[in-house]
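Residue-level structural notes
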Amino acid sequence: MGVSPPDGERVPRAWALAAAAVAVAALASRAFNAFAYTPLRGYDAAGHAVSIFALFEGRLPTPGSWDGFQPPLYYAAAAAVWHLLPEAVPVHAALRLLSAAAGFGAVAIVWRTLRDFVSETDAAVVSAFLLGVPVLALASSMVGNESTCALLVTAVLARLVRLPVKAGEGRVLRHAFGTGLLGGLAALSKTTGLGAVALALPASALRLRARPRLALASVLVLGLVPTLVAGPFFAPILRAAGGSPVGLVTGAASSRAVQQAMALQPPGERHLADYLSFPSAALRTPVFRGEGLERSVPGLLHASTWSDAHAHFLVPVTPGVLRAESALAIAGLLPLALAAFGAGRLLSRRDVRAGVLLAFAALLLLAFARVTWLVPTYSAVKASYLLPALLPAGLCVASGLAALPGSWRSAGRGALLGIGLAGTALTTWGWHLWTQ
Amino acid sequence: MRRRVPTLGGLALALAALACGAPPRGPVETVERYFDVLARDPMRTLALSSPEFHLSHGLAAWRREDGSLSDSGSSPEGSQPPLPRQVEIEDRRVGWINAQIAPHAVERVGELRVRVTGSEVAGDRARVTAEVRPLRGAAFVQRFELARDAGEAGPGAPDAGRWRIVAIEQEGPVGGAWGHLARFAAYPNEALARSLPDRARP
């Protein structure tokens, strides 16, 4: 029937099979979408394409160009894939498959890590659910560095959770080296990865606090390795942005074309109320044109988690699409409530491993709030920017699910798998054709 | 030739073609390849076109919601200094990609029938002429100027020595709105973009 998880529960075969079926549906959807979505639809896909082409030709992306502020690891990987491709295969389709592989890799790490906290059943259910959440489904169906960064950051976080605090010095330092290397690669794939590096230092020190000398050595390794790996690539980007650190997270600081595009995009300025409002349009019409959504940060964040809020793929002119997006946005309140409940439960337990993950999520949310304040446009409010927090989000949902009693827990599992499947259906190209 | 836009059958076709294809070699093959990948595989058009080409089509990296041009290369107010050449080329490439994936352009490209009618090569320069017949609208002639270049990353670059499109011109009657769309689909450029109906603009 299965193996015994930490809490002694045996894995019910039916839930494992249901979770596997939802995961397989997501996999099939990604493979289909890679070829079926309109070429290069997606967040800044044209800018990414031009940067990939630069690496394809053997040069670095040009600072000051549309996506020239982005670090080059994803572009280098994409260019390598392009070089290996037969001429008959569309480049964007192969690169979407690369994004899909990264997205599935990230969720695989989430699945493995969750098993340290909750039962195997809940870990499998939550992981399968995550694969269908539209923000991940779309990010892993497009050309871009979002899912690659999510994969590498998730790998760093998982290593921090599994830090062998009682092992010999050599093993701990080798572990720190591996984590630092992954952190450097995360930062090289997207600047958000710097958050994982920033968290790794205090997290490692905290977890090794009983061995101060080893903790110091670990922190040094964790600081030095990413600096050596990623540092040289950030210097020219900072120069192009006139030394502004904002230039590391948005092209608006270095690209005139991006500046002009952003200058005309609403809302144009931010107020504190933008962070406190949650218009009903986030549930009724979850696209950026919905009433009040261009301004509401939580509203557009929710909408872009559960629908194609920026209307790149599922053009909401078809009533059936908008209704389906609305239904999913409403259904999304359930996992949100589970996650809030689970986060509270984790905080009350004072588990340092969970605390590290929650601290990263908080750090990312703060950085997100800061960036949306500095770049007051609706296109800066995308839930995909928070994908590196996939593991903390999964842990919160799983913890909330695990706390439900008896039949409620079964209902919660069923609901999560149903929502995951609905998300996969919604984001599969062509779906709108039979909803008219 | 007649190309397919991404459809439900696109997946099967692309998978079936996995083992086929080779890099373009001569100027005629380069032009044929251009029509083959245009809008269907937009990234590959970048490898078929030179920096000069992108400075000539005039497409900007983005445009306002009313479809009007926003040209980051030459500020209409004249208040900003000109962009570095490489930045301008990259911005034009972004505009070129965006123009290809405009919904109406994608649909029209699938309706073009193309026949190469002539070519001449002189050293590292070449001219290729193609006749383009759209499903709706008048047929027209599209002339390509090509050059064999050293590659942007230098003579040792993987792309060095390839034929690349330097410029494109179109001749013949336009034939109304459908004619404009067909011409834009065959050669996305700013001059045609300005004359397209609002919904068809990139």
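Structure shown above.
As a starting point, this report considers the structure included with it.

The rules behind these values
As a convention, each chain's residues are numbered from 1 in the sequence order in which they are written. Lettering of chains starts at A and numbering of ligands starts at 1, both following the order in which they are written. With the structure being a predicted model, the display of local features is reserved for residues of pLDDT at least 70 and the display and counting of side-chain atom pairs for 80 or more, all residues being used for whole-chain, interface and lining totals. Secondary structure follows DSSP: runs of H or I at least 4 residues long count as helices, runs of E at least 2 residues long count as strands, and numbering of each begins at the N terminus. We call a residue exposed when 12 or fewer other C-beta atoms sit within 10 Å of its C-beta, buried when the count reaches 20 or more, and partly exposed for counts in between; the C-beta positions come from the backbone. Two residues qualify as being in contact provided that their C-beta atoms, derived from the backbone, are within 7 Å of each other. A pair of strands is labelled paired if DSSP reports no fewer than 2 bridges between them. Here, axes are lines fitted to C-alpha atoms. For helices the fit covers the stretch in contact, and angles between N-to-C directions go from 0 to 180 degrees. Angle categories: roughly parallel below 35 degrees, roughly antiparallel above 145, roughly perpendicular from 65 to 115, and oblique for all the rest. Rotating anticlockwise by less than a right angle from the far helix to the near helix defines a left-handed crossing, while the corresponding clockwise rotation defines a right-handed one. Basically, the charged four are Asp, Glu, Lys and Arg, the nonpolar ten are Ala, Val, Leu, Ile, Met, Phe, Trp, Tyr, Cys and Pro, and anything else, Gly included, counts as polar.

All names here are of chain A. Tracing the backbone shows L238 in helix α10 (residues 212-240). In this structure L238 comes out as partly exposed when scored by C-beta crowding, with 17 C-beta atoms within 10 Å. For the pair L238 and A253, spaced 15 residues apart in the sequence, the C-alpha separation amounts to 9.4 Å. In contact with L238, other than residues within four places in its own chain, are G243, G247 and L248.

Below, the discussion takes up the pairing of strand β5 (residues 140-148) of chain B. All names here are of chain B. Alignment of strand β4 (residues 125-133) against β5, held across 8 bridges, turns out to be antiparallel. Paired with R127 across the bridge in β5 is E145. If you look at the hairpin formed by β4 and β5, you'll find 6 residues sitting between the two strands, and G137 has a positive phi there, around 105°. Where β5 and strand β6 (residues 163-171) come together, 8 bridges link them in antiparallel fashion.

As a further point, take the environment of L272 of chain A. Take L272 of chain A: it is sitting in the loop between α11 (256-263) and α12 (281-284). Judged by local crowding, L272 of chain A falls into the exposed class, with 8 C-beta atoms found within 10 Å.

This part is about the packing of helix α16 (residues 352-374) of chain A against helix α17 (residues 390-402) of chain A. Residue and element names in this part refer to chain A. Relative to each other, α16 and α17 sit at 120°, their axes nearing to 8 Å. One finds that α16 runs oblique with respect to α17. Two packed elements cross with a definite hand, and for α16 against α17 that hand is left-handed. On α17, the residues touching A354, L357, L358, F360 and A361 of α16 are L391, P392 and L395. When grouped by side-chain class, the residues that make up the contact of α16 with α17 number 8 nonpolar, no polar and no charged.

Purely geometric stuff here, so don't read any function into it on its own.
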